[in-house]
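A structural walkthrough
So the chains spell out like this:
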Amino acid sequence: LVVIITSHPRDDSYYSTMSPAAAAKPKQQEKSPPPLRIVSLLPSITEVLSTLGDTVADQIVGITHECDFPPEALEGATIVTVSDISPHSMTQEEIHKQVTGSLLQGHSLYGLNAHRLRSLQPDIILTQSLCDVCAVSYPVVTWTCAKIFGSSNENNNNNNIGPKIVSLEPNNLADVLDTFLVAGTALGLEDGIAQQVVDKLQRDLDFIRQTVSNHLDNTNSSKRPVVAFLEWHNPFFTGGHWIADLMEIAGCRYDMCQSGDRSAAMTDDDFQNMDPDVILIGPCGFSLERALEDTTYLLKGENNKRRSWWKSMRAVQNGNVYALDGNSYYARPGPRLVQGCGLIARCVHGEQVGKMLGEDLAPSSGMRRVTIDMYEE
């Protein structure tokens, strides 16, 4: 017999015996659990997951038809959603009418391809119930999973029954940062991985805040500029949820809503009476090019009732109107809200602040100044 002796003081509990053959046999390593199969039902969730490491990004097997960033997370992933809305071929007014009509009738704007979802056999599905305009509604997700997997339990983690469903519900910027932690916990990541991501995002936001504060001190500017953010402009909708938080960090006075408030319709008269110092336009789900196109097109033409009063606003006269990439930097509650905050600071406080922040925090490719001559026929 081979006796294995520990370094502890003598005690029968610290001794064991085994045969020579067993002692010579190498210890068998524990098998690693198989990789998760993750389905992301929101573009922002895909971005959040991708910040949690390459391993997580490689485990994404299903995405939405609107997921477009980052490219490496999309490789090999199957699109599992469908939509009746074709934003690229519809005007803002047409989209608004179809959205409001569908919601009034209780219809979801998006659907799930049950066949594709079943074939993926996901272990976990990450979704949301914050906004039915942005993604597949939560009831549709749970109903579809119950139909094809036999379970729609949000807390279910038994793969023999069906995938675990996790709903992320950020209302403001603090909630957005928490979603990284919630996702990390749901995926069973090691302690600290998600927190490191959140800490980095918070440091970047703190840097933006301090840079703007220093700029205001150096220019003896005690008064914050009044800034308007339009999430839609036919009809006008205020920028809601986390926009107020981004404005505060970027050194702006934002009176259109409070942190966490939903985006809300605004009349032309109310907007005209507001007469802000700076107007930022980042239509939900639209690229910079589409934001610029719609901003100039909607305000052209002699028969356009907005034309005369819009061109008389101080921000328009002073060239302080900016089209923004709303799809990348404002509509998605994910990591690129940091760049959205930097862009606000760059637009409102000028290129000097933009250069101090740099392209990583305030990418100039995400903004375009709209000058008064661009409204002419």
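Residues numbered from 1 in each chain as written. Predicted model: local features only at pLDDT ≥ 70, side-chain atom pairs only at ≥ 80, totals over all residues. Heavy atoms only, no water.

Overview of the overall build of the protein chain
- When its secondary structure is counted, the protein chain shows 17 helices and 15 strands.
- By residue count, 50% of the 377 residues in the protein chain fall in the buried class.
- For the protein chain, the exposed area adds up to about 19000 Å²; of that, 49% sits on carbon and sulfur atoms. (Helix = DSSP H or I, 4+ residues; strand = E, 2+ residues; numbered from the N terminus. Buried < 20%, exposed > 50% of the residue type's maximum accessible area, 1.4 Å probe, protein only. Areas by Shrake-Rupley, 256 points an atom, 1.4 Å probe, with all protein chains shown as cover.)

Brief notes about the sheet that holds strand β3 (residues 38-40)
- If you walk across this open sheet you meet the five strands as β5-β4-β3-β8-β9, and the pairing is parallel. Looking at strand neighbours, the two that pair on one side only are β5 (78-79) and β9 (164-167), the edges of this open sheet.
- Relative to β5, strand β4 (residues 60-63) runs parallel, the two sharing two bridges. By the bridge assignment for β5, Gly62 is matched with Thr78.
- Its contacts with the sheet place helix α7 (residues 138-149) against β8 (124-127) and β9, and it is angled at close to 180° to β9. (Pairing = 2+ DSSP bridges. Contact = heavy atoms within 4.5 Å. Axes fitted to C-alpha atoms, helices over the stretch in contact; angles between N-to-C directions.)

Some details on the pairing of strand β13 (residues 278-281)
- The alternating pattern of β13 places Val278 and Leu280 on one face and Ile279 and Ile281 on the opposite face, and all of these are buried.
- The pairing of strand β10 (residues 227-233) with β13 spans four bridges and is classified as parallel. What sits directly across from Val227, in β13, is Val278.
- In this sheet, strand β14 (residues 321-324) lies alongside β13 in parallel orientation, the contact comprising three bridges. What sits directly across from Ile279, in β14, is Val321.

Description of the nonpolar core
- If you look at the biggest cluster of nonpolar residues, it comprises 85 residues, and the most contacted ones within it are Phe271, Leu280 and Trp310.
- Once you skip the residues sitting within four places of it in the chain, Trp310 turns out to touch Phe236, Phe271, Ile279, Ile281, Leu299, Val316, Val321 and Tyr375.
- If you look at the next biggest cluster of nonpolar residues, it comprises 24 residues, including Val61, Tyr110, Leu120 and Ile165. (Core = buried A, V, L, I, M, F, W, Y, C linked by side-chain atoms within 4.5 Å.)

Quick word on the environment of Ile63
- Mapping Ile63 onto the fold places it in strand β4.
- Overall, the relative accessible area of 4% leaves Ile63 in the buried class.
- Sequence-wise, Ile63 and Leu41 are 22 residues apart; in three dimensions their C-alpha atoms are separated by 5.9 Å.
- Among all residues touching Ile63, those that are not within four sequence positions of it are Ser40, Thr46, Leu74, Ala77, Thr78, Ile79, Val80 and Thr81.

Structural notes on helix α2 (residues 43-51)
- Where burial is concerned, most of α2 is hidden: eight out of the nine residues are buried.
- Every buried residue of α2 is accounted for by Pro43, Ser44, Ile45, Thr46, Glu47, Val48, Leu49 and Ser50.
- Where α2 is buried, its residues contact β3, α3 (54-58), β4, α4 (71-74), β8 and α8 (173-186).
- Remark: Gly53 follows α2 within two positions and exhibits a positive phi of approximately 120°.

Concerning the pattern of salt bridges
- Per the stated rule, a full pass over the model turns up twelve salt bridges.
- When the shortest N-O distance is used, the salt bridge between Asp255 and Arg253 registers 2.8 Å.
- As a salt-bridge pair, Arg306 and Asp268 come within 3.1 Å of each other at their nearest N and O atoms. Taken together, the positions of Arg306 in the loop between α12 (288-298) and α13 (307-311) and Asp268 in helix α11 (residues 268-274) put the pair 38 residues apart, joining distant regions of the chain.
- Through salt bridges with shared partners, a single network forms among Glu47, Asp68, Arg332 and Arg336. (Salt bridge = Lys/Arg side-chain N within 4 Å of Asp/Glu carboxyl O.)

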